[in-house]
Amino acid sequence: MVGTDLRQQLNNYIQSMRDQGILDSQFQSVQALKTEENPHFVLETITGFCSDADNGIAQMTRYLEGPVVDFTNLTGLSHFLRGSSSSIGGVRMALACRDLRRASEANNKQGCIEGMARLKHEYNSLKEGLNNISQIERQLIGNAQRGRQ
Amino acid sequence: MSCEFVYEHMDAASAASSSTKGVMENVEQPHVLAVDDNLIDRKLIEQLLINSSCKVTTAENGRRALEFLGLGDDQNNTLESRVSKVNLIITDYCMPGMTGYELLKRIKQESSVMKEVPVVIVSSENVPTRINKCLEEGAQMFMLKPLKQSDVKKLRCQLMNS
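Since this is a predicted model, take the numbers as computed values, not measurements.

So, how was this worked out
- Residues numbered from 1 in each chain as written.
- Chains lettered and ligands numbered in written order.
- Predicted model: local features only at pLDDT ≥ 70, side-chain atom pairs only at ≥ 80, totals over all residues.
- Heavy atoms only, no water.
- Contact = heavy atoms within 4.5 Å.
- Buried area = accessible area lost by both parts, 1.4 Å probe.
- Salt bridge = Lys/Arg side-chain N within 4 Å of Asp/Glu carboxyl O.
- Polar contact = N/O pair within 3.5 Å; in protein donor to acceptor, adjacent residues only side chain to side chain.
- Helix = DSSP H or I, 4+ residues; strand = E, 2+ residues; numbered from the N terminus.
- Nonpolar A, V, L, I, M, F, W, Y, C, P; charged D, E, K, R; others polar.
- Axes fitted to C-alpha atoms, helices over the stretch in contact; angles between N-to-C directions.
- Parallel < 35°, antiparallel > 145°, perpendicular 65-115°, else oblique.
- Left-handed = near helix turned anticlockwise from the far one by under 90°.
- Pairing = 2+ DSSP bridges.
- Phe/Tyr/Trp six-rings, centres within 6.5 Å; stacked < 30°, edge-to-face > 60°.
- Buried < 20%, exposed > 50% of the residue type's maximum accessible area, 1.4 Å probe, protein only.
- Lys NZ or Arg CZ within 6 Å of the ring centre and 35° of its normal.

(A) Summary view of the interface of chain A and chain B. Across the contact, 20 residues belong to chain A and 16 residues belong to chain B. Of all residues in chain A, A:L33, A:F80 and A:S87 bury the most surface against chain B, accounting for 31% of the area lost on that side. Counting across the chain A and chain B interface gives 2 salt bridges. With its nearest N and O atoms 3.1 Å apart, the salt bridge here joins B:E125 to A:R101. At the boundary of chain A with chain B, the tally comes to 8 residue pairs in polar contact (both at pLDDT 80 or more). Elements that contribute at least two residues to the side of chain A that touches chain B include exactly α2 (26-31), α3 (41-65) and α4 (71-88) of chain A. Its residues assigned to classes, the side of chain A that touches chain B comprises 5 nonpolar, 11 polar and 4 charged.

Below you can see the structure in the form of structure tokens.
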């Protein structure tokens, strides 16, 4: 029964993130890729995403805060992170990346400052949610491994 | 001259194989080269392909993809290859350095059997001029990211069984 409750807990949590618009159906498509041969797939994807996003946002902040704004690299990185967030289902973060990219392409410094702040906000919400999902996911994997003895 | 291929630059997911097959033959486990600069997208496409019984090699840019295919600038290209290492190439369009379109052009310029390998371009953006440009250059298909399992199944059916 514990296993069923945990799975239900995970589904409920994901649904609430969808209701808030933080995640879209793509996250469940990612979940669907998990197999018995690769039980850590979702965890690894989340870890990889957060690592890329942490580094990317730190770098973009440096590009924006330099004496001269590096719009070219800012554009490139916001495109890159838009891809990552979209692929993991982080729809609100993806939109924030898109808007930041547009501001950067227009060499609009103020727009980029605002866009960056919004991106950080969206990423923090998404990251918190993904970390919570990871915790439940880890328990599920642990239970499954124990159950297979 | 013998054309023995040593499989280099393989990622964890792919195993070395000694089989040499024609490009479009109906192989049990097609070998796909997936090219994308984005780590998450590489991970997703790799798992999608593994779940569709494909062998996968991933590359993070066009230069590494060409090296894997034996078409790198500093590689000996004078051998007329009778076989290709891969049955399909899937490449992202937007990549720094060499774009997927440039990679496609490079492959299609080959005089060897490499130019017969189907190349699928994927992109997160639906830009008709971009799509047409790729199809005109010889891309087999253009697909929108993120790919779904159904996309990969369709790809497999259409390209591997002709």
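(B) Expanded view of the packing of α3(A) against helix α1 (residues 39-51) of chain B. Running from N to C, α3(A) and α1(B) cross one another at 160°; their axes reach a closest spacing of 9 Å. Here α3(A) is positioned roughly antiparallel relative to α1(B), judged by the angle of their axes. In the packing of α3(A) onto α1(B), the handedness of the crossing is left-handed. Only B:L39, B:I40, B:K43, B:L44 and B:Q47 of α1(B) make contact with α3(A), whose side of the interface consists of A:F41, A:E44, A:T45, A:G48, A:F49 and A:D52. Taken together, the residues that form the contact of α3(A) with α1(B) break down as 5 nonpolar, 3 polar and 3 charged.

(C) View of the sheet that holds strand β1 (residues 31-35) of chain B. Residues and elements named next belong to chain B. What the 5 strands build is an open sheet, ordered β2-β1-β3-β4-β5; its pairing is parallel. In this open sheet, the two strands that pair with only one neighbour each are β2 (55-59) and β5 (141-144). Put simply, the sheet's adjacent strands are angled 20° from each other on average, direction ignored. Where strand β3 (residues 88-92) and strand β4 (residues 119-123) come together, 4 bridges link them in parallel fashion. Across the sheet, I89 pairs through a bridge with V119, a residue of β4.

(D) Structural detail: the packing of aromatic side chains. Scanning all chains against the criterion turns up 1 aromatic pair over all chains. Taken together, a centroid distance of 6.2 Å and an interplanar angle of 70° make the contact between A:F49 and A:Y123 edge-to-face. Here the residue A:F49 occupies a position in helix α3, and A:Y123 occupies one in helix α6 (residues 109-147), the gap between them amounting to 74 residues. Each member of the pair, A:F49 as well as A:Y123, is classed as buried. Of note, B:K85 hangs over the ring of B:F68, and the distance from its end group to the ring centre comes to 4.6 Å. When the ring centre of B:Y101 is taken as reference, the NZ or CZ atom of B:K133 above it lies at 4.4 Å.

(E) Representation of the pattern of salt bridges in the model. Per the counting criterion, the structure on display carries 16 salt bridges over all chains. Linking B:K43 and A:E44 is a salt bridge whose minimum nitrogen-to-oxygen distance equals 2.7 Å. In this pair, B:K43 is assigned in helix α1 and A:E44 in helix α3, connecting two distinct chains. Salt-bridge contacts for A:R118 lead to A:D99; the nearest nitrogen and oxygen are separated by 2.9 Å. Separated by 19 residues along the polypeptide, A:R118 in helix α6 and A:D99 in helix α5 (residues 91-105) bring together distant segments of the chain. According to the relative accessible area criterion, A:R118 is partly exposed, its value standing at 34%. Looking at A:D99, the relative accessible area reads 25%, which means it is partly exposed. Taken together, the shared-partner salt bridges in this structure form one network comprising A:R101, A:E105, B:E125 and B:R130.

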